[in-house]
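Understanding the architecture of this molecule
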Amino acid sequence: MAWTPLRFRVNGHPREIPCPPERILLDLLREDLELTGTKRGCDLGTCGCCAVLIDGRPTLSCLTLARLAEGREVTTIEGVSPPQGLSPLQRAFVEHGATQCGFCTPGFVIAATALLRDHPRPSRAEVERAVAGNLCRCTGYTKIVEAILATAEGR
Amino acid sequence: MHLDPFELHRPATVDEAVEMARRHAGAFDFLAGGTDLLPNYKMHLNLRPHVIALEGIRELEEHGVERIGAMTRLAEVEGDAALAAAYPGLLEAVREVATPLVRASATVGGNLLLETRCFFFNQSEFWRHSLGYCLKADGDRCHVVPQKEKCYATFSGDLAPVFLTLDARVELAGPEGRREIPLAEMYDAHGDGIHRTKLRPGEILCGVRLPPGARSWRTTYRKLRLRPSFDFPELGVAAAARFDGDRVAEARVAIGGLETYPTSYPSETAALAGERLTEAAARAVGERIRAKVRPVRNTAIAPDYRKKMAAVFVRRALLALSGGAAA
Amino acid sequence: MSSAEPVRTPTRLLGSRIPYIEGPLKVSGRATYTDDLRRPGMLVGRLLRSPHAHARLRSIDVSAARAMPGVHAVLTGDRYPTPFGVLPITHDETALAVGKARYIGDIVAAVAADDELTAERALAAIRVEYDLLPEYTDTHGGLVPVAEPIHARVKDGSNVQKEVLQHFGDVEAAFAGAAERVHVHGRYAGVNHGFTEPLVTLADATPDGRLTVWSATQVPHYLHRTLHEVLGLPMHRIRVVKPEVGGGFGGKSDPLPHEVICAALSLETGRPVKILCDREETFYTNHGRHPTENDVRIAFDAEGRIRAYDIDALIEGGAWSSFGTVTTYYNGVLSMGPYKVPNFRYRGRRVYTNKPPNGAMRAHGGTNIRHSVETAIDIAAERFGIDPFDLRDRNALPPNSTTVNDFRITSTSFRRCLSEARRASGWDGKFRRLPYGRGIGLGCGFYISGSNSPIHFTPKMPQCTVHLKVDMDGGIAVHCMQADIGQGSNTLMAAIVAEVVGVDLDRVHVIPVDTDVSPVDIGSYSSRVTFMMGNATRKAAESLRDQLLKATSRVTGHPVERLRVATERYEVAHRPEVGLSYLEALHAAMETQGALVATGAYSSPPMGGTFKGARAGTAPAYSFAAYVAEVEVDPETGVYRPERMWAAFDCGRPLNRLAVEGQIQGSIHMGLGQFMGEAMDYRGARLMNPALLDYKIPMPQQMPEIEILLVGDDDPEGPFGAKEAGEGPLIATLPAMGNAIYDAVGVRCVELPLTPDKLLRGIERREAEGRAWKGH
């Protein structure tokens, strides 16, 4: 094999792992690194369940070549969760009933984490726009938007 | 969904990329943000054994008010206050592209060179095999207009119409050197519909140049689709105008989402020059353009409706420009 | 306490907002779904699907595939040909196509290989010779005898799978004497569940003769039974486990072919095998809401009272029966409530077509017909010049009554649904008074709170059984096969236990569904879980509580009747300082027997008439709804937006307000999807949009502001007075929207989805006919 191992950081730790050029980041995360919190919903970029942060930017891991993460920092849902307990955003998701089946939840948490980092006090419309790349079939989004707004307001 | 194996190239400069393209002529794809190419690869649409990734080439990533590098992510355009202030229509269009997650990766160049779309093309290998492959991938007939030897897939980029109304130019680099052409000339209105641009083999779209006068134009963008995110345009109308007092000095309209290439309508808008931008004047432009567009039945919404909406959207876009014009 | 006695006990936990107990796992990515599991030595299973809609399988040559290195098994239909299906009376599915393929996407072969790439290459090496047969893609064409019926068991050589004819009273006479007759012809595209987790199954057949299957299923019990029937293994050697499930909405309630194939591949190879369907395959598997065409005729007397319904429903089945026989009944019998209908005639026909099968989807059988009925009632109100609320109020089914088809109606707060929705929405100031392009509309709903006619080995077995076990640590393990697929039923089950036993919620552990240890419940469908599992859980918890009270009585010397349950404590009612803590009572109780166990079960009471099909639609309780939608329409483009909705719903007593709200909000979203843009878009037999990009599930910006009004009285038989809130809340969404759009622009919406082009055509037609609306 001509290619060198992929070197990048995952959830704060350096990783070095064999990775052929055509390997998709989602597959690498779920199958090689066993980071199964990142979900495979459509595999074509149209559900948002696979969102991760790459250098802090929310990104569709199903449409990213793993090798392009070379030297970058990838943060998955496991990485935005504190070692003990939950982040304020995650706690708000729980308290507001923003999860039902939960399959889309990691993607929403990733998108909302980035939103609140860049815009700590978003309006409702800004929240709706920020999560408009994530499909939820259970909640009608109402409680998801409420949970994000509540986090921003420190409720 | 795995991808079939390919060789991945990571050039550090445009020259290196051009050289790789030359070496693998006819057997490669450039990879920008990946949000268009990779779904197509997953569906086994026109796979190539070599992929040349353009990420990391600084020249392509720089962006400012006069020049936007082709690898500028749409999210960066969205977040660039100077760009937004200079070209409000561009910001409107960018914000309407796909979803925030797509825009984090998708690039300006990728949007301009978006693969055309069609119900019969953007399908899995199984689906296309089941019906019989089409002209645009692996087959020899068009399922939309079967009697024609031409591809009718729809150009679905949102940015091109805006850039067309701003008279943008594109920088190209290829084995034969660098050149700069008007964006309008990049699209091939008379081709087979499959090779939609006049880019020469191995040419890279490096950036978009906006003429100094572009900032004095008012611009706006209107998009028709079923959902406020995800969906490609079923019709995308960009309008731009310069005013001289309460009269139009010059107006332009360009449209995407209806045909195989984005189109400007200079003769349909010419009559606006020197006139007040009235409801009746805008309506007349809309009707003229409506008479000219030829959408086909290959997207989610019926073509007759999209055609009808072209008139409405053009009128509304033009009138939006006139807002405050008299003041 | 007798089950018929209204429950008014003050509750500590129930009725509040209880966050889902598995929430912390889901928000941190630690919840485990089927595709997150893997087993050592696991193989990849892949399916070869028919590219033809209707074709005889002349030959399948798998020799090349079988010979490929890394390929461990190749299956075709002849290996496990036993037919199955969710309804015992219509077993017409097979794991893999036998004899012929019936839709594009029908499974003709399967492989198990070392990896994805090898599996795909093996599929490509399979040679299938097809003899093409005539394709049947529309219901009308299937009503008459055809050259090659899709299935052998059809009516008179046609493609009719099921015909239901019902007539109660005298419909002819009622129509003849009617003061007003309204007719609506409704047409509804098929829709898909669109759950975010694609279909996936993992199976592991082990050398001890056992088979374990993990699957994304709503009904582990039916899967368990189907695996037994098709694979020939005794049920006790099969173990079905349900990990977290990423949404179902009915689409994971049938036993599905890939589940059987996955188990079969594991049996063949002696290795664990996983089959993950991609999104396109998930769409082909479908079992979504049936495309329907219906004619609804309603006769009214001069006072606007309904005299009769005359209904015809033509239902497209797709390639298999699935729940279709039930669907065919439901389109009739669920059309009446919430109204009193003295005369009723119904013909329902479900026709096979060469398309992916249709089945059960949230508010199964009650959605499309309801939209037509509610549109008809809106038309009638206009003709009578009676307010739509008043007309409906006049026709409301009374509590404790019986319908013409012998449905037993116990609790109904339908009239309060109406009055609350009217008040909250400001209806009287808005209806027909908003400017052109703005509109307000009312739609109502009615749905079963669990089916009284369960699909079961024998109707004599309970529909749900719950076991509790508590050991010295004080943790209460709850075992039950009810399937939480995100609706919060695990949380409710734990809350009921905590409520009754008087312990903190975190003492209760819901054990994931595992047929080795969980007693049978027939799963998450027909909106049955709260009602049936709730009652069974309550009984089990009361039995456990009684053991603890008995021990407290023994230790304190006070009789059980004098004791009461406090928080984590049992005490003498008139001397609260005397008592035992929960753990003291538990340990005292354990002295004689060790760990405590308790069990509870639920069987719905006998009900329904004696005619053929009389039990279809009978339920121990029904939900009722009145929704008002306010919309804004752009009359020039046909683009519209729901701005606000007021959802008055009678689910009896809401036990977890957070969950009830979530179900209503999610139902409205799903109903809006069907109304606004979702459709299984076929051209001929071909599905044009088997992808989430092209299947138009609404986005956050399309959601209206929703005000929820929970107005139900306690149901006499529901657990703590509760009824369903999982499916019924979808139904009223559609007609509320349709009637609001009529109010906005004067166009009736009877062809769904109502995309902007269709609405614009309607507006243009109205204008062409010279019918002005609000001055336009």
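Residue positions within a chain follow its written sequence, with the count starting from 1. By the order in which they are written, chains take letters starting at A while ligands take numbers starting at 1. Whole-chain, interface and lining totals are the exception, using all residues; otherwise, since this is a predicted model, local features are given only for residues with pLDDT of at least 70 and side-chain atom pairs are given and counted only at 80 or more. Only hydrogens and water are removed before side-chain values are computed, so all heavy atoms of the structure are retained for them.

**Let's talk about the overall build of chain A**
When helices and strands are counted, chain A shows six helices and five strands. Taken over C-alpha atoms, the radius of gyration comes to 16 Å for chain A, in line with the 15 Å a tight globule of 155 residues would show. Principal-axis analysis of the C-alpha atoms places the extent of chain A at approximately 50 × 30 × 25 Å. The buried share of chain A, taken over its 155 residues, is 69%. The contact rule is simple, with two residues in contact once any of their heavy atoms fall within 4.5 Å. A separation of at least 24 residues holds for 56% of the contacts in chain A among residues at least 6 apart in sequence. Just so you know, the count uses Lys and Arg for positive and Asp and Glu for negative, and it drops His and the chain ends. By convention, charge coordinates are those of NZ in Lys, CZ in Arg, CG in Asp, or CD in Glu. The distance from the centre of the 18 positive side-chain charges to the centre of the 17 negative ones in chain A is 3 Å. Secondary structure elements follow DSSP: runs of H or I no shorter than four residues count as helices, runs of E no shorter than two count as strands, and numbering proceeds from the N terminus. Here the globule rule reads 2.2 Å times residues to the power 0.38, and the radius of gyration is calculated from C-alpha atoms. For every residue, the accessible area obtained with a 1.4 Å probe (protein chains only) is divided by the maximum for its type, and the residue is called buried under 20%, exposed over 50%, and partly exposed between those limits.

**Side note on the packing of aromatic side chains**
Residue and element names in this part refer to chain C. In this analysis, rings of Phe, Tyr and Trp, with Trp reduced to its six-membered ring, are considered paired at centre separations within 6.5 Å, and the interplanar angle assigns stacked below 30 degrees, edge-to-face beyond 60, and tilted for intermediate values. The tally for this structure, following the rule as stated, stands at 25 aromatic pairs over all chains. When the centroid spacing of 4.9 Å and the interplanar angle of 65 degrees are considered together, the rings of F168 and F611 count as edge-to-face. You can see F168 sitting in strand β7 (residues 160-168) and its partner F611 sitting in the loop between β25 (596-602) and β26 (622-633), a full 443 residues away along the chain. We classify F168 as buried; its relative accessible area is 12%. Relative to F414, the ring of Y339 has its centre 5.9 Å away and its plane inclined at 80 degrees; by these criteria the two rings are edge-to-face. Of this pair, Y339 sits in the loop between α8 (324-333) and β15 (343-352) while F414 sits in helix α11 (residues 414-425), and the two are 75 residues apart along the sequence. F414 matches Y339 in its accessibility class, with the two residues each being buried.

**A look at the interface of chain C and chain B**
Contact with chain C, which involves 36 residues of that partner, is made by 32 residues of chain B. Surface buried jointly by chain C and chain B totals about 2,900 Å² across both partners, of which 57% is contributed by carbon and sulfur atoms. A side-chain nitrogen of Lys or Arg and a carboxyl oxygen of Asp or Glu constitute a salt bridge if their distance falls within 4 Å. Applying the counting rule to chain C against chain B returns five salt bridges. Among the salt bridges present, the one from R316(B) reaches D634(C), with a minimum N-O distance of 2.6 Å. Note on definitions: buried area is the accessible-area loss of two parts on being combined, 1.4 Å probe, summed for both.

**With respect to the sheet that holds strand β30 (residues 705-710) of chain C**
Residues and elements named next belong to chain C. Strands are treated as partners if at least two bridges between them are detected by DSSP. Taken in spatial order, the four strands make up an open sheet running β18-β26-β27-β30, and their pairing is mixed. Lying at the two open borders of the sheet, with one neighbouring strand each, are β18 (438-448) and β30. Across the sheet, the axes of successive neighbouring strands diverge by a mean angle of 15 degrees, strand direction being ignored. Pairing analysis gives eleven bridges linking β18 to β26, with the strands arranged antiparallel. For every element, the axis is a line fit to its C-alpha atoms; helices are fit only across the contacting stretch, and the angle between N-to-C directions ranges from 0 to 180 degrees.

**Regarding the confidence of the model for chain C**
For chain C, the mean per-residue pLDDT works out to 96, and 99% of the residues sit at or above 70. By definition, pLDDT measures how confident the predictor is in each residue, and it falls between 0 and 100. Across residues 1-8 of chain C the pLDDT falls below 50, and counting only partners more than four positions away or on other chains, this stretch makes eleven contacts in the model.

**Structural notes on the packing of helix α4 (residues 105-118) of chain A against helix α6 (residues 142-152) of chain A**
All names here are of chain A. One can describe the packing of α4 onto α6 by two numbers: an axis separation of 11 Å at closest approach and a directional angle of 35 degrees. The handedness of the crossing between α4 and α6 comes out as right-handed. Note on element contacts: α6 touches α4 through I144, I148, T151 and A152, opposite F108, A112, L115 and L116. Of the residues contributing to the contact of α4 with α6, the split by class is seven nonpolar, one polar and no charged. Handedness of a helix crossing follows the sense of rotation of the near helix relative to the far helix, less than a right angle counterclockwise being left-handed and clockwise being right-handed. Three classes are used: nonpolar for Ala, Val, Leu, Ile, Met, Phe, Trp, Tyr, Cys and Pro, charged for Asp, Glu, Lys and Arg, and polar for all others, with Gly counted as polar.

**Overview of the interface of chain C and chain A**
Contacts between the two partners involve 50 residues from chain C and, on the opposite side, 46 residues from chain A. Here chain C and chain A share an interface that buries about 3,700 Å² over both sides, 59% of which is from carbon and sulfur atoms. For chain C, the biggest contributors to the area lost against chain A are V27(C), T196(C) and P700(C); these three give 18% of the whole. Linking chain C with chain A are six salt bridges, by the criterion used here. A salt bridge links D36(C) to K39(A), with the nearest nitrogen and oxygen atoms 2.5 Å apart. Pairs of N or O atoms are called polar contacts if they sit within 3.5 Å, as long as, within protein, a hydrogen donor faces a hydrogen acceptor (for residues adjacent in sequence, only side-chain-to-side-chain pairs). Between chain C and chain A we count 18 residue pairs in polar contact (both at pLDDT 80 or more) in total. Mapped onto the side of chain C that touches chain A, the elements with two or more residues apiece are α1 (23-27) and α16 (657-676) of chain C. When residues of the side of chain C that touches chain A are assigned to their parent elements, the largest contribution, eight residues, is made by α16(C).

**Side note on the sheet that holds strand β5 (residues 169-174) of chain B**
Residues and elements named next belong to chain B. Taken together, the four strands give an open sheet; going across it, the order is β4-β7-β5-β6, and neighbouring strands pair in antiparallel fashion. The sheet terminates laterally at β4 (67-69) and β6 (177-182), the two strands that pair on one side only. With direction set aside, neighbouring strand axes in the sheet form an average angle of 25 degrees. Bridge analysis of β4 against strand β7 (residues 204-209) gives three bridges, and the strand direction is antiparallel. Counterpart to R67 in the pairing with β7 is R209. Contacting β5, β6 and β7, helix α1 (residues 14-23) crosses the sheet at an angle of about 140 degrees to β7.

**With respect to the domain arrangement of chain A**
Residues and elements named next belong to chain A. The domain boundaries here were taken from an automatic or database domain assignment. When cut into domains, chain A gives domain 1 (6-80) and domain 2 (88-152). Here the C-alpha centroids of domain 1 and domain 2 sit 21 Å apart. Counting residues at the interface gives 17 residues for domain 1, matched by 13 residues for domain 2. At the boundary of domain 1 with domain 2, the tally comes to zero salt bridges. Residue assignment for the side of domain 1 that touches domain 2 shows that the elements contributing at least two residues are β3 (51-54) and α2 (77-80). Sorting elements by how many residues they give to the side of domain 1 that touches domain 2 places β3 first, with three residues.

**A short note on the nonpolar core**
Residues grouped as a nonpolar core are buried Ala, Val, Leu, Ile, Met, Phe, Trp, Tyr and Cys residues, joined through side-chain atoms within 4.5 Å. In this structure, L112(B) and F163(B) are the most contacted members of the largest nonpolar core, which totals 273 residues. Other than its neighbours up to four places away in sequence, L112(B) contacts F155(B), L159(B), A160(B), F163(B), L183(B), M186(B), Y187(B), L205(B) and V208(B). Core analysis: the second largest hydrophobic core is formed by 51 residues, F531(C), A541(C), L548(C) and M590(C) among them.

**Description of the pattern of salt bridges**
Taken as a whole, this structure holds 110 salt bridges over all chains when the rule is applied. A salt bridge links R128(B) to D138(B); the shortest N-O distance between them is 3.4 Å. With R128(B) in helix α9 (residues 125-131) and D138(B) in the loop between α9 and α10 (159-165), the pair connects residues that are ten residues apart, well separated along the chain. For K774(C), the salt bridge identified is with D743(C), shortest N-O distance 3.8 Å. A residue pair is termed long-range when its members are at least 10 positions apart, and K774(C) in the segment after α19 (756-768) and D743(C) in helix α18 (residues 733-745) qualify at 31 residues. Judged by relative accessible area, which is 0%, D743(C) ranks as buried. Sharing partners across several salt bridges, the network here consists of R23(A), D27(A), E31(A), D32(A), R40(A), D43(A) and K42(B).

**Re unusual backbone geometry**
A negative phi holds for most residues other than glycine; trans holds for most peptide bonds. All names here are of chain C. The omega torsion across G337 and P338 is 10 degrees, close enough to zero to call that bond cis. Within the secondary structure, P338 sits in the loop between α8 and β15. A cis amide bond links L752 to the next residue, P753, at an omega of 0 degrees. Checked against the element boundaries, P753 lands in the loop between β31 (751-752) and α19.

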